[in-house]
Amino acid sequence: MGSVLTIRGGVPLAGKVTVRGAKNLVPKAMVAALLGNSPSVLRNVPEIKDVEVVTSLLKLHGVEVSKDPVTGDLTMDPANAKMAASKDIDAHAGDSRIPILFCGPLMHSIGEAFIPDLGGCKIGDRPIDYHLQVLRNFGAVVDKRPGGISISAPKGLHGAKLELPYPSVGATEQVLLTATRAEGITELKGAAVEPEIMDLIAVLQKMGAIITVQTDRTIRIEGVAELGGFNHKAISDRNETASWASAALVTRGDIYVEGARQLDLTAFLNTYRKIGGAFDVNDDGIRFYHPGGKLSPLVLETDVHPGFMTDWQQPLVVALTQAEGVSIVHETVYENRFGFTDALVRMGANIQVHRECLGSVPCRFGQRNFLHSAVISGPVQLHGTDIDVPDLRGGFSHLIAALAANGTSRVTGIELINRGYERFQDKLEGLGADFDVAETADAGIGR
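Residues numbered from 1 in each chain as written. Predicted model: local features only at pLDDT ≥ 70, side-chain atom pairs only at ≥ 80, totals over all residues. Heavy atoms only, no water.

For the structure on display, the rule yields eight aromatic pairs. Arranged with centres 5.7 Å apart and planes meeting at 65°, the rings of Phe-268 and Trp-312 form a pair that is edge-to-face. Pair noted here: Phe-268 is in helix α9 (residues 266-275) and Trp-312 is in helix α10 (residues 310-320), with a separation of 44 residues, a long-range link. For the pair Phe-268 and Trp-312, one class covers both residues: buried. When the ring of Tyr-272 is compared with that of Phe-288, the centres are 5.4 Å apart and the planes differ by 85°; the resulting orientation is edge-to-face. Here Phe-288 lies in strand β16 (residues 285-289) and Tyr-272 lies in helix α9, a separation of 16 residues in the sequence. (Phe/Tyr/Trp six-rings, centres within 6.5 Å; stacked < 30°, edge-to-face > 60°. Helix = DSSP H or I, 4+ residues; strand = E, 2+ residues; numbered from the N terminus. Buried < 20%, exposed > 50% of the residue type's maximum accessible area, 1.4 Å probe, protein only.)

In C-alpha cells:
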C-alpha cells in the first residue's frame, strides 16, 4: 500500500511552518550515542523516517531508546550494547544509508559490526568505498558477505592520517565517529565542513572528544579512552527551510519558517534575493515571500559548504521555471540529480539537460558523460500531471510544481518525502494547499 496525493494547484501558500532538527545531523548524533558510557539526550528531534530507522537499529543493538511524549526528546542508553542478529539488521537493508556510520561506534563498544546493503535516494553513485577505506586505515578488517559487510578490529582501532579526494560529508562523519575513541591522533585533510558536521563535532566534544577544525579543511582528532553521554539541541534543518522558501516563491505565497537560521543559509538567501524573492529575518525564524513583479534568471553552480548546497538546487529549479529569461544550473556534487526534471518538462517546463559543464569552471563530471547541467527558460505556465516521486528533494520539488500548476496533479511515492520532511502533509494543509490523500495498492503511475 502507498499514498497518492491529488493536488489542485494555483493556490498561493501562506502561513507558518515549524522546522526542527536537521535530517543530516539528527540520525548521526543518535549513532554517536553508542560511543558513550552513559545516556545521551537529543532535543529538537523531527518525526521523520530516518529517525525511525536509526531508533530501530539502536534498539536491535541493545541501546535503550525512549521518547518524551511531550517534548519529543530522545534519551539513548548504550549500557547494554550488543551485536544484533544479521537477519534483524537485514530487515533494514535499503531503508537508509545511515547504517554504514554504525561501524566505528560498534567496534568501539562491542568489537564488531555488520552492515546491511545500503539504500537512500537514487541521485548518484555515492559509493561506500570512502567509508571502507577509512575503516581499513584505522585498522579494521572488512569482509564483504552476501547481503552486507562484516567489519572487525582484532588489533583495535588506531589513529591515521587521511585525505579525502572530495570533501564527502559521509566519509567525514565516518572519520569523526571512528577516530574519537581510536588510539592516537587522526588527521583528516579535505574534510567536509557543513553546519551539520560542525554540530556533530559539538556533540562529540560534549561527550569528551578532542577535535580541532582548521581553516584549510583539516580536522585533527586526539583519541580518548572513553566518552560520556551528551545533552544537545540539534540545529534546524536548512534544507527543509530552503524547500519551503522555494514553495513560497513558486506559488507567489508568503511562508514564515519558524526555526530557520540565517547563518546556515547565507548562500541560499543571496541567491533567493537575486532571483527576486524577498525574506525577513527574525530571531526565531525567517519569512519568505514573493514581493510581486518579475523573477530574474541566473547562473548557478552547486558546491560543498560554504557554496550553494546541492539539496537546495532541485526546489529552486522549479522557481527558475517562472523567471523571465534563461537560467543555467551546473550540478557539481551529484552526477545524476536532474532526473527529476523529466516530470517538470511534462508539466510544461522548458528545461534542457547537458553533459557539458556549463558553469564557470569544469567539474569532476565533465568528462564522464553525465547529464549534470540544466538550461531553464521561462516563464512558463505549469499544468497538472501524474508524477511518481523519484527521490527526497526531487519529490518535494514535484509537489511545489504541482502546487503552482494549473489543474490537478496525482503524486505517488510520497513515502520517500517522509524520509526528510516532518509531517509535510499537515504543513501543506496549514498553508492552505488544496489536496486530498488516498491509499492505493498500485506500485506507481509512471514517470
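Below, the discussion takes up the pairing of strand β14 (residues 254-258). Sheet topology note: the strand β2 (residues 14-18)/β14 ladder contains five bridges and is parallel. Counted as the bridge partner of Gly-15 is Ile-255 from β14. Here β14 pairs with β16 via five bridges, running antiparallel. Across the sheet, the residue bridging to Tyr-256 is Arg-287, located in β16. (Pairing = 2+ DSSP bridges.)

Turning to unusual backbone geometry, a few remarks are in order. A cis geometry characterises the amide bond from His-305 onward to Pro-306, with omega recorded as 15°. Within the secondary structure layout, Pro-306 lies in the loop between β17 (299-301) and α10. Cis geometry marks the peptide bond from Gly-378 to Pro-379; its omega dihedral reads 5°. Along the polypeptide, Pro-379 turns up in the loop between β20 (373-378) and β21 (386-388). Here the phi dihedral of Arg-252 falls at roughly 60°; this positive angle occurs in a residue that is not glycine.

Counted according to the given criterion, the structure contains 19 salt bridges. Here Arg-8 and Asp-434 are joined by a salt bridge, their closest N and O atoms 3.0 Å apart. One end of the pair, Arg-8, is in strand β1 (residues 2-8); the other, Asp-434, is in strand β23 (residues 434-440), and 426 residues separate them in sequence. Classification of Arg-8 as partly exposed rests on a relative accessible area of 27%. (Salt bridge = Lys/Arg side-chain N within 4 Å of Asp/Glu carboxyl O.)

Position of Leu-428 relative to the elements: it lies in helix α13 (residues 424-430). If near-sequence neighbours (up to four positions away) are discounted, Leu-428 is found in contact with Leu-13, Trp-244, Leu-399, Leu-403, Ala-433 and Phe-435. (Contact = heavy atoms within 4.5 Å.)

Here the protein averages 91 in pLDDT, while 93% of its residues score no lower than 70. Scored below 50 in pLDDT, residues 119-126 makes 24 contacts in the model with residues more than four places away or belonging to other chains. In the predicted structure, residues 443-447 sits below a pLDDT of 50 and forms 12 contacts with residues beyond four places in sequence or in another chain. (pLDDT = per-residue confidence, 0-100.)

Taken in spatial order, the four strands make up an open sheet running β2-β14-β16-β15, and their pairing is mixed. Two strands bound the open sheet, and with one partner strand each, they are β2 and β15 (278-282). Each neighbouring strand pair of the sheet contributes to a mean axis angle of 15°, computed without reference to strand direction. Along the sheet, α9 contacts β15 and β16; its crossing angle with β16, the most-contacted strand, is approximately 25°. (Axes fitted to C-alpha atoms, helices over the stretch in contact; angles between N-to-C directions.)

Let us now look at the environment of Arg-181. In this fold, Arg-181 is placed in the loop between α6 (169-179) and β10 (185-189). With 140 residues separating them in the primary sequence, Arg-181 and Thr-321 have C-alpha atoms 49 Å apart. Those residues in contact with Arg-181, other than ones at most four positions away along the chain, are Leu-35, His-108, Val-224, Ala-225, Glu-226 and Leu-227. At 3.0 Å, the side chain of Arg-181 forms a polar contact with the backbone oxygen of Leu-35. A polar contact is formed between the side chain of Arg-181 and the backbone oxygen of His-108, at a distance of 3.3 Å. (Polar contact = N/O pair within 3.5 Å; in protein donor to acceptor, adjacent residues only side chain to side chain.)

Glancing now at the nonpolar core. Judged by nonpolar contacts, the single largest core of 69 residues is most densely connected at Met-76, Phe-102, Ile-151 and Leu-204. With six residues, helix α7 (residues 195-207) is the single largest residue contributor to this core. Discounting chain neighbours no more than four positions away, the residues touching Met-76 are Met-30, Ala-33, Pro-39, Ser-40, Leu-42, Leu-58, Val-63, Glu-64, Val-65 and Phe-230. Trp-312, Leu-320, Leu-382 and Ala-433 belong to the second largest nonpolar core, which has 68 residues in total. (Core = buried A, V, L, I, M, F, W, Y, C linked by side-chain atoms within 4.5 Å.)

Next up on the list: the state of the cysteines. If you walk through the whole model with that rule in mind, you get zero disulfides. In this structure Cys-357 is not part of a disulfide, and its nearest cysteine sulfur, from Cys-363, lies 3.7 Å away. Judged by its relative accessible area of 22%, Cys-357 is partly exposed. (Disulfide = S-S within 2.5 Å.)

Regarding helix α5 (residues 129-137), the residues found buried are His-131, Leu-132, Val-134 and Leu-135. Taken around the axis of α5, the buried residues stretch over an arc of 160°, which confines them to a single face. Summarising the contacts, the buried residues of α5 are in contact with α4 (103-109), β7 (141-145), β8 (148-152), β9 (161-163) and α6. Where α5 ends, the next residue or the one after it, Gly-139, has phi of about 105°, a positive value. (Arc of directions from axis to C-beta.)

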